Amino acid sequence: MEADLAGTLSKFCGNIFDIFRRYLFLVLSFGPVPQHIAFIMDGNRRFAHYRNLKLGKGHQVGFLALVSVLQYCYEMGVKYVTVYAFSIENFRRKPEEVQYVMDLMVEKLEGFLKVGSFLKQYGIRVNFLGNWDLLSSPLRAAAEKVTAATASNTRGVLSICVAYTSTDEIVHAVQESCKEKLSEIQEKSSEQIVIALADLERHMYMARCPDPDILVRTSGETRLSNFLLWQTTFCFLFAPDFLWPENTLKYLVWTILEYQRLYPYFRRQKQDHARNTLKFE
């Protein structure tokens, strides 16, 4: 009887929270809603250290926080979400920690494929951005399966940056642009090479997504850590003090409200940049 009562109360509270969340997002929709939010999920290791948890447990809690944040973002109307899951620099960490994170990502990706409810419910297409040559074979195989399984989804896009740095992305874009131009030269017997801005941007890992409107780095750190350096010229950079596993709905709402408060400034900056660009073309 007590178990049934507890279950009923839990379901009732869940329903109340769902209603509250929908009305809250409705209120936020009267202001500008960002199209693309990027997250640097910082603080997983510190979260585990402060709570005397075992190696990697902070990453497990951080994954649960990620699922909740993704749900809130897509319910709010944010179409693109990008997360910095693992930097190329992170491979310098202790081998056992790197292996744990790789195995955890494989486990969670396979879980997405088995259940499929979250990705299917919100119609999310998953992209993996970064240097795939650096990934372990199991992780690369899991990423390929999730990419293929969600390729037809159109309501939302989740980009997972793994084995990624912005400098690697730029170098990749330059190399691919050079290959493309050399191929054109050989076909047309021309000696002139002109690589335009559009050529580089077409070969960026992030080419299929608009530039982020907001970039959030949790834990209070104000460094971009080589993440989306090319794409954040007119981006609202937000560095709240809480650790990533502590991320909840209230913090996301706080972020959106701060973005809406500063939106007129960023809109003017983009408009001025567009006018100046036209003058020099």
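Residues numbered from 1 in each chain as written. Predicted model: local features only at pLDDT ≥ 70, side-chain atom pairs only at ≥ 80, totals over all residues. Heavy atoms only, no water.

S.K.: Even after reading the chapter, I still don't get the overall build of the chain, so can you show me in this structure?
M.R.: Across its full length, the chain carries nine helices and six strands. Per-residue burial over the chain gives 42% buried out of 281 residues. When contacts within the chain are restricted to residue pairs at least 6 apart in sequence, long-range pairs at least 24 apart make up 77% of them. Within the structure as shown, the chain displays about 15,900 Å² of accessible surface, and the carbon and sulfur contribution to it stands at 56%. (Helix = DSSP H or I, 4+ residues; strand = E, 2+ residues; numbered from the N terminus. Buried < 20%, exposed > 50% of the residue type's maximum accessible area, 1.4 Å probe, protein only. Contact = heavy atoms within 4.5 Å. Areas by Shrake-Rupley, 256 points an atom, 1.4 Å probe, with all protein chains shown as cover.)

S.K.: Sorry, what's going on with the packing of aromatic side chains here?
M.R.: Two aromatic rings, taken as a pair, are described by how far apart their centres are and by the angle between their planes. Counted by the stated rule, this structure contains 14 aromatic pairs. Ring geometry for Y259 against Y263: centres 5.8 Å apart, planes inclined by 65°, an arrangement best described as edge-to-face. Residue Y259 and its partner Y263 are located together in helix α9 (residues 249-279), separated by four residues, close to a single helical turn. Looking at Y263, the relative accessible area reads 28%, which means it is partly exposed. In this structure an aromatic cluster arises from ring pairing among F236, F238, F242, Y251, W254, Y265 and F266. (Phe/Tyr/Trp six-rings, centres within 6.5 Å; stacked < 30°, edge-to-face > 60°.)

S.K.: How do you make sense of the side chain of E97 when you look at a structure like this?
M.R.: In this structure, E97 sits in helix α4 (residues 95-115). Its relative accessible area of 7% is what places E97 among the buried residues. At 3.4 Å, the side chain of E97 forms a polar contact with the side chain of R45. At 3.4 Å, the side chain of E97 and the side chain of R93 are in polar contact. With residues near it in sequence (within four places) discarded, E97 still touches R45, L55 and H59. (Polar contact = N/O pair within 3.5 Å; in protein donor to acceptor, adjacent residues only side chain to side chain.)

S.K.: What is the right way to look at the pairing of strand β2 (residues 80-87) in this model?
M.R.: Every other side chain in a regular strand lies on the same face of the sheet, so the side chains alternate between the two faces. The buried fraction of β2 is high, at seven of eight residues. With five bridges connecting them, strand β1 (residues 36-40) and β2 associate as parallel partners. Bridge pairing links F39 to V83 in β2. Relative to strand β4 (residues 156-164), β2 runs parallel, the two being bridged by seven bridges. Bridge assignment links Y80 to a residue of β4, and that residue is V157. (Pairing = 2+ DSSP bridges.)

S.K.: Before we go on, may I ask you to explain helix α3 (residues 57-76) in this structure?
M.R.: Between its first and last C-alpha atoms α3 spans 29 Å; for 20 residues at 1.5 Å apiece the expected length is 28 Å, and the two agree. For α3, the complete set of buried residues consists of G58, H59, G62, F63, A65, L66, V69, L70, Y72, C73, Y74 and M76. (Expected span 1.5 Å × (residues − 1).)

S.K.: Please clarify how the pairing of strand β5 (residues 214-217) should be interpreted in this entry.
M.R.: Residue alternation in β5 divides its side chains into two sets, I214 and V216 and L215 and R217, and both sets are buried. As judged from the three bridges shared by β5 and strand β6 (residues 236-238), these two strands associate in the parallel manner. Bridging from a neighbouring strand, V216 pairs with F238 of β6.

S.K.: Looking at this structure, I do not really get the pattern of salt bridges. What am I missing?
M.R.: Should the charged atoms of two oppositely charged side chains come close, the side chains can pair. Applying the stated criterion to the full structure yields 17 salt bridges. A salt bridge links E221 to R46, with the nearest nitrogen and oxygen atoms 4.0 Å apart. Pair noted here: E221 is in the loop between β5 and β6 and R46 is in helix α2 (residues 44-50), with a separation of 175 residues, a long-range link. For R46, a relative accessible area of 27% translates into the label partly exposed. Taking the shortest distance from any N to any O, the salt bridge between K179 and E176 comes out at 3.5 Å. (Salt bridge = Lys/Arg side-chain N within 4 Å of Asp/Glu carboxyl O.)

S.K.: Mind showing me how you'd approach the layout of surface pockets here?
M.R.: A probe as big as a water molecule, rolled over the atoms, marks out the empty space that is left. In this structure, the largest pocket encloses a volume near 780 Å³. Those elements giving two or more residues to the lining of the largest pocket turn out to be α2, α3, β2, α4 and β4. With six residues, the single largest contributor to the lining of the largest pocket is α4. Classifying every residue of the lining of the largest pocket by side-chain character gives 18 nonpolar, eight polar and nine charged. (1 Å grid on protein atoms, 1.4 Å probe; cavity = no way out; pocket = protein on both sides within 12 Å on 5 of 7 lines; lining within 4 Å. Points joined across faces, edges and corners; volume = space filled by probe spheres on them. Nonpolar A, V, L, I, M, F, W, Y, C, P; charged D, E, K, R; others polar.)

S.K.: Please clarify how the sheet that holds β5 should be interpreted in this entry.
M.R.: Where strands meet in a sheet, backbone hydrogen bonds hold them as pairs that are either parallel or antiparallel. Spatially, the six strands line up as an open sheet ordered β3-β4-β2-β1-β5-β6, and their pairing is parallel. Each edge of the open sheet carries a strand with a single partner, namely β3 (124-129) and β6. Strand-to-strand twist across the sheet, computed as the mean angle between neighbouring axes with direction ignored, equals 15°. (Axes fitted to C-alpha atoms, helices over the stretch in contact; angles between N-to-C directions.)

S.K.: It is not clear to me how unusual backbone geometry should be interpreted in this structure. Could you clarify?
M.R.: Glycine aside, the phi torsion of most residues is negative, and most peptide linkages are trans. Although it is not a glycine, N52 sits at a positive phi angle of roughly 55°. Relative to the helices and strands, N52 is located in the loop between α2 and α3. A relative accessible area of 73% places N52 in the exposed class. With a phi close to 55°, A163 is a non-glycine residue in the positive phi region. With respect to the helices and strands, A163 occurs in strand β4. On the basis of relative accessible area, A163 is assigned to the buried category, the value being 0%.

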